[in-house]
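Structural overview
Letter by letter, the chains look like this.
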Amino acid sequence: MLTRRIAIVVFIIFSAFIALPAQEIEYGIIRNLSYYPDSVSKNDTYVSKQCVMDIYYPKNRKDFATIVWIHGGGLTYGDQQLPEMLKNKGFCIVGINYRLHPHVHAPKYIEDAAAAVAWTFDNIAEYGGNPDKIFVSGHSAGAYLTLMVGLDKRWLGKHSIDANRIAALIPLSGQTITHFTIRKERGISDKQPVIDDMAPLYHVRGDAPPVLLITGDRELEYIGRYEENAYLYRMMKLVGHQKIILHELQGYGHDMEPPAFPLMVKYIQKLTGKQ
């Protein structure tokens, strides 16, 4: 009889718990927050205008992962973005802006991207985020900057941050040779492939963070874009990197973000143990 009563009590308690609705995640948005200190931005109106970011974050959660999202636009146009397909997934999204050509030339774009990533490492805990779960991603020019910040350690090193602290790099359709806008700045034809210190391929290393490369269909993408990523994939493997994946999205051209975002989400969830 006593055993039966205990079993009934346990059942009631268990039923009460599973009947409780899951707590909704509330999100907050902070707009146009500067990622450079006043000592840098207050004397430069272009830095003050461009070097800002939007933060979309879970207000009632702790220990969440953060995606630093870098917009595309050939290093010549575009604004910070908070991609809709990455929202409401339990992540924080830091959508950054940066200075653009022709107002500045390389390596200013990379310096800005690194400064924004550094800001995130230094400050995301104040919003509840885990600085060990910072992912860097972007599309096209943003993917190029993602790779440069994550593979060439000197840019984050200027902020006393080891690039290997990045949880993973997720470039979507990025150039892995020297970017065509930077080649233009240097008087090199955009049809002339170059791999110098402004190329992610120049900085392949076996100890880099995990990398998820995603491109569109090699026949529909920008010419050579898939092949560049395949070359980076192969070279990273040759130098001993074991955590790199390459996806080619069949049937999609350069605007391959919609099918890429679910792959991103699943990948981040797997690395953070949230599946």
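Below, the structure is looked at part by part. (Residues numbered from 1 in each chain as written. Predicted model: local features only at pLDDT ≥ 70, side-chain atom pairs only at ≥ 80, totals over all residues. Heavy atoms only, no water.)

1. Side note on the overall build of the chain
For the record, the criterion: Only runs of H or I of at least four residues qualify as helices and only runs of E of at least two qualify as strands under DSSP, and these elements are numbered from the N terminus. Buried, partly exposed and exposed residues are distinguished by accessible area as a fraction of the type maximum, computed with a 1.4 Å probe on protein chains only: under 20%, between the cut-offs, and over 50%, respectively. Whether two residues touch is decided by their heavy atoms; if any such pair falls within 4.5 Å, the residues are in contact. Per-residue accessibility takes into account occlusion by the displayed protein chains alone, with areas from the Shrake-Rupley method and a 1.4 Å probe. We score Asp and Glu as negative and Lys and Arg as positive, and we do not count His or the chain ends. Here the site of a charge means atom NZ of a Lys, CZ of an Arg, CG of an Asp or CD of a Glu.
When helices and strands are tallied, the chain shows nine helices and eight strands. Taken over the C-alpha atoms alone, the chain extends approximately 90 × 45 × 30 Å along its principal axes. Burial analysis of the chain (275 residues in total) assigns 53% to the buried set. Taking all contacts inside the chain whose residues are at least 6 apart in sequence as the whole, residues at least 24 apart take part in 75%. When the accessible surface of the chain is summed, it comes to about 13,200 Å², and 54% of that surface belongs to carbon and sulfur atoms. Positive and negative charge centroids in the chain, built from 30 and 28 side chains respectively, lie 7 Å apart.

2. Some thoughts on the pattern of salt bridges
To keep things clear, this is the line we draw: The salt bridge definition used is simple: a Lys or Arg side-chain nitrogen within 4 Å of an Asp or Glu carboxyl oxygen.
One pass over the structure, following the stated rule, counts 13 salt bridges. The partner of Glu-111 in a salt bridge is Lys-158, and the shortest N-O contact between them spans 3.9 Å. Separated by 47 residues along the polypeptide, Glu-111 in helix α4 (residues 108–123) and Lys-158 in the loop between α6 (154–157) and β6 (168–172) bring together distant segments of the chain. The salt bridge partner of Arg-154 is Asp-197, with a shortest N-O separation of 3.1 Å.

3. With respect to the sheet that holds strand β8 (residues 244–249)
Applicable threshold: Pairing between strands is defined by DSSP: at least two bridges between them are needed. Axes, fitted as lines to C-alpha atoms, cover a helix only where it is in contact. Angles between the N-to-C directions of the axes lie from 0 to 180 degrees.
Reading across the sheet, the eight strands line up as β1-β2-β4-β3-β5-β6-β7-β8 and stay open at both edges, with mixed pairing between neighbours. Looking at which strands have only one partner, the edges of the open sheet turn out to be β1 (27–34) and β8. On average, each strand axis in the sheet is tilted by 15 degrees relative to the strand beside it, whichever way the strands run. Inspection of the sheet shows β1 paired to strand β2 (residues 52–58) by six bridges, in the antiparallel sense. The residue bridging Ser-34 from the neighbouring strand is Val-52, located in β2.

4. Notes on the nonpolar core
Condition: Definition of nonpolar core: a set of buried residues of the types Ala, Val, Leu, Ile, Met, Phe, Trp, Tyr and Cys, connected through side-chain atoms within 4.5 Å.
Grouped together as the largest cluster of nonpolar side chains are 55 residues, with contacts concentrated most on Tyr-35, Ile-96, Tyr-98, Ile-110, Leu-145 and Leu-156. Considering each element in turn, this core owes the most residues, 10 residues, to α4. Apart from the residues within four sequence positions on either side, Ile-96 is in contact with Val-52, Met-53, Val-68, Trp-69, Ile-70, His-71, Gln-80, Ala-113 and Ala-116. One finds Tyr-27, Phe-135, Met-264 and Val-265 within the second-largest nonpolar core, a separate group that totals 24 residues.

5. Points about helix α9 (residues 257–272)
Counted only if it meets this: Helix span is expected to be 1.5 Å times the residue number reduced by one.
Taking 1.5 Å per residue as the helical rise, α9 with its 16 residues ought to reach 22 Å, and the 22 Å between its terminal C-alpha atoms agrees with that figure. Residues Glu-257, Pro-259, Ala-260, Phe-261, Met-264, Val-265, Tyr-267, Ile-268 and Thr-272 constitute the buried set of α9. Buried positions along α9 lie against β3 (64–70), β5 (129–139), β6, β7 (211–216) and β8.

6. Quick notes on a nonpolar patch on the surface
Note the threshold: Patch criteria: residues need more than 30% relative accessible area and no salt bridge. Like-charged residues are merged within 9 Å; nonpolar side chains of Val, Leu, Ile, Met, Phe, Trp and Tyr are merged within 5 Å.
Where nonpolar side chains cluster on the molecular surface, the patch consists of Ile-195, Tyr-202 and Tyr-231 and spans about 330 Å² of accessible area. Mapped onto the fold, Ile-195 is located in the loop between α7 (180–185) and β7.

7. Quick word on the pairing of β6
We apply this condition: When the strands point away from the viewer, a crossover counts as right-handed if the route from the first strand across the helix to the second turns clockwise.
Within β6, five of the five residues are buried, which leaves the element mostly enclosed by the surrounding structure. Relative to β6, β5 is paired through five bridges, and the arrangement is parallel. Bridge assignment links His-139 to a residue of β6, and that residue is Leu-172. In terms of strand pairing, β6 meets β7 through two bridges, oriented parallel. Each bridged residue has a counterpart across the sheet, and for Leu-172 the counterpart in β7 is Ile-214. Taken together, β6, α7 and β7 constitute a β-α-β crossover, and its handedness is right-handed.

8. Description of the side chain of Asn-123
Selection rule: The definition of a polar contact used here is a pair of N or O atoms within 3.5 Å, where within protein one atom must be able to donate a hydrogen and the other to accept one, and adjacent residues in sequence count solely through side-chain atom pairs.
Looking at where Asn-123 falls in the secondary structure, it is placed in helix α4. In this structure the side chain of Asn-123 is engaged in a polar contact, spanning 2.8 Å, whose partner is the backbone oxygen of Trp-119.

9. Concerning the packing of α4 against helix α5 (residues 141–151)
Defined as follows: Comment on the angle field: the value is read as roughly parallel under 35 degrees, roughly antiparallel over 145, roughly perpendicular from 65 to 115, and oblique elsewhere. Three residue categories are used. Nonpolar comprises Ala, Val, Leu, Ile, Met, Phe, Trp, Tyr, Cys and Pro, charged comprises Asp, Glu, Lys and Arg, and polar comprises the others, including Gly.
One can describe the packing of α4 onto α5 by two numbers: an axis separation of 9 Å at closest approach and a directional angle of 70 degrees. One finds that α4 runs roughly perpendicular with respect to α5. Residues Tyr-109, Ile-110, Ala-113, Ala-114 and Val-117 of α4 form the contact with α5, whose participating residues are Tyr-144, Leu-145, Met-148 and Val-149. For the contact of α4 with α5, a count of residues per class yields nine nonpolar, no polar and no charged.

10. Quick look at unusual backbone geometry
Cis geometry marks the peptide bond from His-101 to Pro-102; its omega dihedral reads 10 degrees. Inspection of the secondary structure assignment puts Pro-102 in the loop between β4 (92–96) and α4. Across the junction of Ala-106 and Pro-107, the peptide omega takes the value 10 degrees, indicating a cis bond. Mapped onto the elements, Pro-107 comes out in the loop between β4 and α4. Even without being glycine, Asn-32 reaches a positive phi, approximately 55 degrees. A positive phi angle, near 60 degrees, is found at Asn-88, a position not held by glycine. Following the sequence through the fold, Asn-88 ends up in the loop between β3 and β4.

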